[in-house]
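# Structural overview
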Amino acid sequence: MYRNLHLTPQRKSVYDIVSQSADHPTAADVMERLRQAGHKLAYATVYNSLRYLTDAGVIQELRMGSGAARYDARLEAHQHVVCTQCGRVDEIFEVMPAGYAEAITNETGYRVDHVDVVAKGVCPDCAKSSRH
């Protein structure tokens, strides 16, 4: 995976859960999935593994409002959309407009290193169920 990365069996198990999840799991989700798979890890071990993997650049931590952080193993450039009714998170691969970061710099004076966009709306499932 990555050179010079110290992947203990616990960290590898946590990484596997995050990388195999399409729903951007929280730490609690990771813990529950590990238990379902027969692993017995302490919550602190899971949290510390998520922090290590994030700091190592193997996964990314997503902060979307006031809810719990979520984790994503997809590292290529992408954004996210969150359902305001059920909390579902999906990925957006639409390319950011050219010059967007520069426009932010021009407006605010900030040196913009990275832009994260979180769109919010109602997912297809919630939209469908609210029509009935």
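Residues numbered from 1 in each chain as written. Predicted model: local features only at pLDDT ≥ 70, side-chain atom pairs only at ≥ 80, totals over all residues. Heavy atoms only, no water.

## Some points on the overall build of the chain
Stated precisely, the cut-off is as follows: Counting from the N terminus, the helices are DSSP H or I runs at least four residues long and the strands are E runs at least two residues long. Three exposure classes are used, based on accessible area relative to the maximum for each residue type with a 1.4 Å probe and protein chains only: buried under 20%, partly exposed in between, and exposed over 50%. In this description, contact between two residues means that some pair of their heavy atoms is separated by no more than 4.5 Å. For every accessible area listed, the method is Shrake-Rupley and the probe measures 1.4 Å; residues are considered covered only by the protein chains on display. His is not counted, nor are the chain ends; Lys and Arg add positive charge and Asp and Glu add negative charge. Note on charges: their place is set at NZ of Lys, CZ of Arg, CG of Asp or CD of Glu.
Scanning the chain for helices and strands turns up five helices and five strands. For the chain, the spread of C-alpha atoms along the principal axes amounts to about 50 × 50 × 25 Å. Counting only residues that meet the buried cut, the chain has 30% of its 132 residues in that class. The contacts of the chain with a sequence gap of at least 6 include a subset with a gap of at least 24, amounting to 47%. Per element, the accessible surface of the chain, about 8800 Å² overall, is 49% carbon and sulfur. Of the side-chain charges in the chain, 15 are positive and 16 negative, and the distance between the mean point of each set is 7 Å.

## Looking at the packing of helix α1 (residues 9-19) against helix α2 (residues 27-36)
Cut-off, in case you're wondering: Each axis is a line fitted through C-alpha atoms, and for a helix only the stretch in contact is used; angles between axes span 0 to 180 degrees, taken between their N-to-C directions. For classification, angles of less than 35 degrees are called roughly parallel, those exceeding 145 degrees roughly antiparallel, those between 65 and 115 degrees roughly perpendicular, and all remaining angles oblique.
Running from N to C, α1 and α2 point in directions that differ by 110 degrees, and their axes come no closer than 10 Å. Looking at the two axes, α1 sits roughly perpendicular to α2. Contacts between α1 and α2 pair Ser13, Val14, Ile17 and Val18 from the former with Val30, Arg33 and Leu34 from the latter.

## Quick look at the nonpolar core
What counts is decided by this rule: In these notes, a set of buried Ala, Val, Leu, Ile, Met, Phe, Trp, Tyr and Cys residues joined through side-chain atoms within 4.5 Å is what counts as a nonpolar core.
With 18 residues, the main nonpolar core has Val14, Val18, Val30, Leu34, Val46, Leu50 and Ile59 as its most contacted residues. Counting residues per element, the ones that place at least two in this core are α1, α2 and α3 (43-55). Those residues in contact with leucine 50 that sit more than four places away from it in its chain are Val14, Val18, Ala27, Ile59 and Tyr71.

## Let's talk about the environment of tyrosine 110
One can find tyrosine 110 in the loop between α4 (100-108) and β5 (118-121). On a C-alpha basis, the gap between tyrosine 110 and valine 82 in space is 27 Å, while along the polypeptide they are 28 residues apart.

## Digging into the pairing of strand β4 (residues 89-92)
Test applied: Pairing between strands requires that DSSP locate at least two bridges from one strand to the other.
Across four bridges, strand β3 (residues 79-83) lies against β4 in antiparallel orientation. Paired with valine 82 across the strands is valine 89, a residue of β4. Hairpin remark: β3 followed by β4, antiparallel, with five residues in the connecting loop; positive phi at glycine 87, about 85 degrees.

## Observations regarding the packing of aromatic side chains
Put simply, the rule is: In this scheme Phe, Tyr and Trp rings, the latter by its six-membered ring, pair at centre separations within 6.5 Å, and the angle between planes marks the pair as stacked below 30 degrees, edge-to-face above 60, and tilted otherwise. Only lysine NZ and arginine CZ atoms are considered, and such an atom sits over a ring when it is within 6 Å of the ring centre and within 35 degrees of the ring normal.
On inspection of all chains with the given rule, the structure shows zero aromatic pairs. The ring of tyrosine 52 has arginine 11 lying over it, and the distance from NZ or CZ to the ring centre is 3.6 Å.

## Examining the sheet that holds β4
Where strands meet in a sheet, backbone hydrogen bonds hold them as pairs that are either parallel or antiparallel. A sheet is described by the order of its strands in space; here three strands give the open sequence β4-β3-β5, paired in mixed fashion. At either margin of the open sheet sits one strand with a lone partner, and together these are β4 and β5. Geometrically, the sheet is characterised by an average inter-axis angle of 25 degrees between neighbouring strands, direction not taken into account.

## A word on unusual backbone geometry
For histidine 24, which is not glycine, the phi dihedral falls at a positive 55 degrees. You can see histidine 24 is positioned in the loop between α1 and α2.

## Focus on the environment of valine 58
Its location among the elements puts valine 58 in the loop between α3 and β1 (60-62). C-alpha separation for the pair valine 58 and leucine 75, spaced 17 residues apart in sequence, amounts to 7.7 Å.

## Digging into the pattern of salt bridges
Quick note on the threshold: By definition, a salt bridge exists where a carboxyl oxygen of Asp or Glu is found within 4 Å of a side-chain nitrogen of Lys or Arg.
The final tally for this structure, using the stated rule, is ten salt bridges. The salt bridge involving glutamate 61 is made with arginine 63; its shortest N-O contact spans 3.6 Å. In this structure, aspartate 125 engages arginine 88 in a salt bridge whose closest nitrogen and oxygen atoms are separated by 3.4 Å. Placement of the pair is aspartate 125 in helix α5 (residues 124-131) and arginine 88 in the loop between β3 and β4, with a sequence separation of 37 residues. Each of Arg51, Asp55, Glu61 and Arg63 takes part in salt bridges that share partners, so that together they form one network.

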